[in-house]
Amino acid sequence: MQRFRRIKILSLNLGIKSHIMKRFIYILLGCLLCLTACRKDQFNNTTTDTEYPPLTTSKLKRIYGTVVDENGNRLEGIKIVCRNKVHLSGKDGSFDFEEYISTEREILKIQGTNFYTSFIYIQSSGEGDFILMPQLSQKYLGHTINTNQRKLVTIQKECNLSFYNDDFIKQDGSTYQGSINFDFQVKPGTELKYYQMPNDRLALYNDKKVVLADLPIVSTEAIGENKTKLEFRKPAKLEIPITIKKYNFGTDSIFLWKFRESDGIWEKISTVEIQTDKVIALLPTLGIYTVSPPLDYSTVSGQFQGISKFEFLQYEFTSTQSTIQNFLTDAGSFDIKVPINIPYKAILRNELNQNLYQVNETIYNRNISQRNINLIQEKCVSMDFTISNCSFLI
């Protein structure tokens, strides 16, 4: 009887403890729901979390790194914009975006006073975080122009730009008179070393997504007295000294494209005039421009494996027409847009410009190509992780 009472008392105690534990779990779950349903993000803005479908890999990414200048000096107070959220680099040049959903293409806009603005494309459908080291170039003084006496101005660099000195208007449309600081840059060029543009070169052509060839990019900006932003009143003439024949482009498919800073996409503006040794285009407004045919592309995604350090590695596709680069996550994941029907050499390089992996290939359709590459099995990296060159043909 005494034993029965002990068992009964023990059962009762266990029942009470179980009841208390259930209540505690319910309260804890309720608190967690309150915390995750509405919270403040790192910018102290109240936000409501969005429910996402179950994922096979983690899509919560961390985008972080350090902003430096051309000499590698860390830059404080640089503005990094992602999804309309702004982060300023710290005293050591660092920045950090956490809990970033990376299923969609995003553009990081990096800008600072007296520096050229850079745009970095990021996207990964695989594992890992992005570690970046954006390098900014200081702005040059530009060309001083005065509107006193009408004359033709020609700026000669890797590309030539011509316009009349008095063909400028203010933002309200009124004619401008006075001194002008005109900045004209060309990428690639000898002066502008670090002027990053989205390396996927995504564009819209008749509402269809395409990519552009790797041809010169020009940037124009005009600032009047009292930092007045100016605009062209009449189109400026741009001459790009390239021979289109060597790119195997059709002469009727080359267009002028303008870069849209809001989403990092190139927008078709007009046709161009093609001559034997140059392409001529008329720039209707100031901004960032290039010339190119629209190219169909396929998205190549996957992951490199076999080593533990993927920071600052670049996966590069090179052909006679263009070079396309993509940053890997620290887990080796990549998403890269590659023009179809064009032979490419795909190379994985480290920050020392050493090759870890290399293949020759051609992609023939727009379907997404998924690949996982083990660098050890491919014998591109030895077991002690020293780098050895390799070349395979597939």
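If you're wondering where the values come from, they're calculated on a predicted model, not measured in any experiment.

**Student:** Is there a simple way to think about the environment of Tyr121 in this case?
**Tutor:** For Tyr121, the location among the structural elements is in strand β9 (residues 118–122). Only 3.4 Å separates the side chain of Tyr121 from the backbone oxygen of Asp335, close enough to count as a polar contact. For Tyr121, the side chain forms a polar contact with the side chain of Lys337, separated by 3.3 Å.

**Student:** Even after reading the chapter, I still don't get the sheet that holds strand β8 (residues 106–111), so can you show me in this structure?
**Tutor:** By way of backbone hydrogen bonds, the strands of a sheet pair with one another, either parallel or antiparallel. Spatially, β6-β5-β8-β9 is the arrangement adopted by the four strands of the open sheet, whose pairing is antiparallel. Two strands close off the open sheet at either side, each with one partner strand: β6 (85–88) and β9. Ignoring strand direction, the axes of neighbouring strands in this sheet form an average angle of 20°. Pairing of strand β5 (residues 79–82) with β6 involves four bridges; the strand directions are antiparallel. Across the sheet, Lys79 pairs through a bridge with Leu88, a residue of β6.

**Student:** Quick question: what am I supposed to make of the environment of Ile340 here?
**Tutor:** In this fold, Ile340 is placed in the loop between β31 (333–339) and β32 (344–349). Residue classification places Ile340 among the buried positions, given a relative accessible area of 14%. Excluding residues that lie within four positions of it along the chain, Ile340 makes contacts with Asp296, Tyr297, Ser298, Ile363, Tyr364, Asn365 and Arg366.

**Student:** Help me understand the packing of aromatic side chains in this model?
**Tutor:** Aromatic ring pairs: the centre-centre distance and the angle between the two ring planes describe each pair. This structure, assessed with the given rule, holds 17 aromatic pairs. Here Phe163 and Phe232 contribute two aromatic rings whose centre-to-centre distance is 5.8 Å and whose plane-to-plane angle is 50°, an arrangement assigned as tilted. Of this pair, Phe163 sits in strand β14 (residues 160–164) while Phe232 sits in strand β20 (residues 230–232), and the two are 69 residues apart along the sequence. Taken as a pair, Phe163 and Phe232 share a single burial class, namely buried. Counting every residue linked through ring pairs, the aromatic cluster contains Phe304, Tyr315, Phe317, Phe334, Tyr344 and Tyr357. The ring of Tyr64 is capped by Arg62, whose NZ or CZ atom sits 3.8 Å from the centre of that ring. Sitting over the ring of Tyr164, Arg150 keeps its end group 3.9 Å from the ring centre.

Cut-offs applied
- Residues numbered from 1 in each chain as written.
- Predicted model: local features only at pLDDT ≥ 70, side-chain atom pairs only at ≥ 80, totals over all residues.
- Heavy atoms only, no water.
- Helix = DSSP H or I, 4+ residues; strand = E, 2+ residues; numbered from the N terminus.
- Polar contact = N/O pair within 3.5 Å; in protein donor to acceptor, adjacent residues only side chain to side chain.
- Pairing = 2+ DSSP bridges.
- Axes fitted to C-alpha atoms, helices over the stretch in contact; angles between N-to-C directions.
- Buried < 20%, exposed > 50% of the residue type's maximum accessible area, 1.4 Å probe, protein only.
- Contact = heavy atoms within 4.5 Å.
- Phe/Tyr/Trp six-rings, centres within 6.5 Å; stacked < 30°, edge-to-face > 60°.
- Lys NZ or Arg CZ within 6 Å of the ring centre and 35° of its normal.

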